[in-house]
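What the coordinates show
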Amino acid sequence: SQQGEEDPQALSIQEGENATMNCSYKTSINNLQWYRQNSGRGLVHLILIRSNEREKHSGRLRVTLDTSKKSSSLLITASRAADTASYFCATENAGNNRKLIWGLGTSLAVNP
Amino acid sequence: GAGVSQTPSNKVTEKGKYVELRCDPISGHTALYWYRQSLGQGPEFLIYFQGTGAADDSGLPNDRFFAVRPEGSVSTLKIQRTERGDSAVYLCASSPRLAGANEQFFGPGTRLTVL
C-alpha cells in the first residue's frame, strides 16, 4: 500500500531554477527518506530526516519535516539537467519495523 | 565496492510458469528487502529479512509468492503459477543493522514480463 503522496506529480523547470517537491503521509514515523530514480542509476538514497528533526541539508538539497502536518518538502537549488529524474519520499513507520512505505513520486524535468 | 546485484536483469515468461529472482546484497548487510514497482508507481513493499528470517512478509500479495534467505546473504524471490498481473520490476535492497537510521541500497531490479 502507498502511504506518501507527492505533489506535484510532474514538474518542469529551467536549469538554474529551484525545484520544490512535497510529500504527505498518514501515520507516525521514525524517519522519512527521499530517493531519486532514473533509468541510468536506479533508485538512489538522497537524504534521511528523523522524526525529531525539522530540517536537514545535503549539498544542494534541503529537506524539511513537519510532523504536526505529516508533511515533508524537498528543495533542490540551482538545478541541473542531470537532476532530471523521479523523486520519491518513503517513510519508516513508528516502531521496530524497518520496511519503507513509498509515495507515487514526482517526475522532475530540468531543461537545459 | 560492489553494490546490490540482481539476476536476471530481464525475465520473460509465460502465464502459469514458475520463476526465481535472485538478489545479492551488499556484503555484511543484515537486512534485505524486496519491493516491486509498476510503471508510474512507487515501489511496493513485499517482504524483508533480518538475517535468515522474514521479519515482515505482509506485503506478499498471495501464496504464489515466497522468498528465502537461507544463509543470511543471498535471497531468492519465487513466484509460482505466474499471472500477467505479476509483470513489474522487482527491486531488492539491503541495509546494515543500525539503530535508528535505515538507508536502503537498491539493486538495478529484475524486469519480469508475464505473457
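What follows concerns the overall build of chain A. Each helix and strand in chain A was counted, giving zero helices and 11 strands. Written out in order from the N terminus, the α and β elements of chain A read β-β-β-β-β-β-β-β-β-β-β. Each principal axis of the C-alpha atoms in chain A carries an extent, and together these give about 45 × 25 × 20 Å. Counting across all 112 residues of chain A, residues that qualify as buried make up 46%. Summing over all exposed atoms, chain A offers an accessible surface of approximately 5,200 Å²; the carbon and sulfur share of this is 45%. Mean positive and mean negative side-chain charge positions of chain A (13 and 10 charges, respectively) differ by 7 Å.

To continue, consider the confidence of the model for chain A. Per-residue pLDDT for chain A has a mean of 91; in total, 96% of the residues score no lower than 70. Between the elements of chain A, mean pLDDT differs from a low of 78, seen in strand β1 (residues 5–7) of chain A, to a high of 98, seen in strand β7 (residues 61–66) of chain A.

Moving on to the nonpolar core. Grouped together as the largest cluster of nonpolar side chains are 21 residues, with contacts concentrated most on L32(A), W34(A), L74(A), I76(A), Y87(A) and L108(A). Mapped by element, the contributors of at least two residues to this core are β3 (19–24), β4 (29–38), β5 (42–50), β7, β8 (71–76), β9 (85–93) and β11 (106–111) of chain A. The next biggest cluster of nonpolar side chains, apart from the first, holds 20 residues, and it includes V4(B), L46(B), F65(B) and A88(B).

Let's shift gears to the interface of chain B and chain A. If you look at the interface, chain B gives 22 residues, while chain A gives 20 residues. Of the roughly 1,700 Å² buried at the junction of chain B and chain A (both faces included), carbon and sulfur atoms supply 47%. When the buried area of chain B at its contact with chain A is split by residue, P43(B), N102(B) and F106(B) rank highest and sum to 26% of it. Where chain B packs against chain A, one counts one salt bridge. Salt-bridge contacts for K99(A) lead to D56(B); the nearest nitrogen and oxygen are separated by 3.3 Å. Applying the counting rule to chain B against chain A returns seven residue pairs in polar contact (both at pLDDT 80 or more). Put simply, the parts of the chain that give the side of chain B that touches chain A at least two residues each are β4 (31–37) and β5 (44–50) of chain B.

Calculation rules
Residues numbered from 1 in each chain as written. Chains lettered and ligands numbered in written order. Predicted model: local features only at pLDDT ≥ 70, side-chain atom pairs only at ≥ 80, totals over all residues. Heavy atoms only, no water. Helix = DSSP H or I, 4+ residues; strand = E, 2+ residues; numbered from the N terminus. Buried < 20%, exposed > 50% of the residue type's maximum accessible area, 1.4 Å probe, protein only. Areas by Shrake-Rupley, 256 points an atom, 1.4 Å probe, with all protein chains shown as cover. Lys, Arg positive; Asp, Glu negative; His and termini not counted. Charge placed at Lys NZ, Arg CZ, Asp CG, Glu CD. pLDDT = per-residue confidence, 0-100. Core = buried A, V, L, I, M, F, W, Y, C linked by side-chain atoms within 4.5 Å. Contact = heavy atoms within 4.5 Å. Buried area = accessible area lost by both parts, 1.4 Å probe. Salt bridge = Lys/Arg side-chain N within 4 Å of Asp/Glu carboxyl O. Polar contact = N/O pair within 3.5 Å; in protein donor to acceptor, adjacent residues only side chain to side chain.

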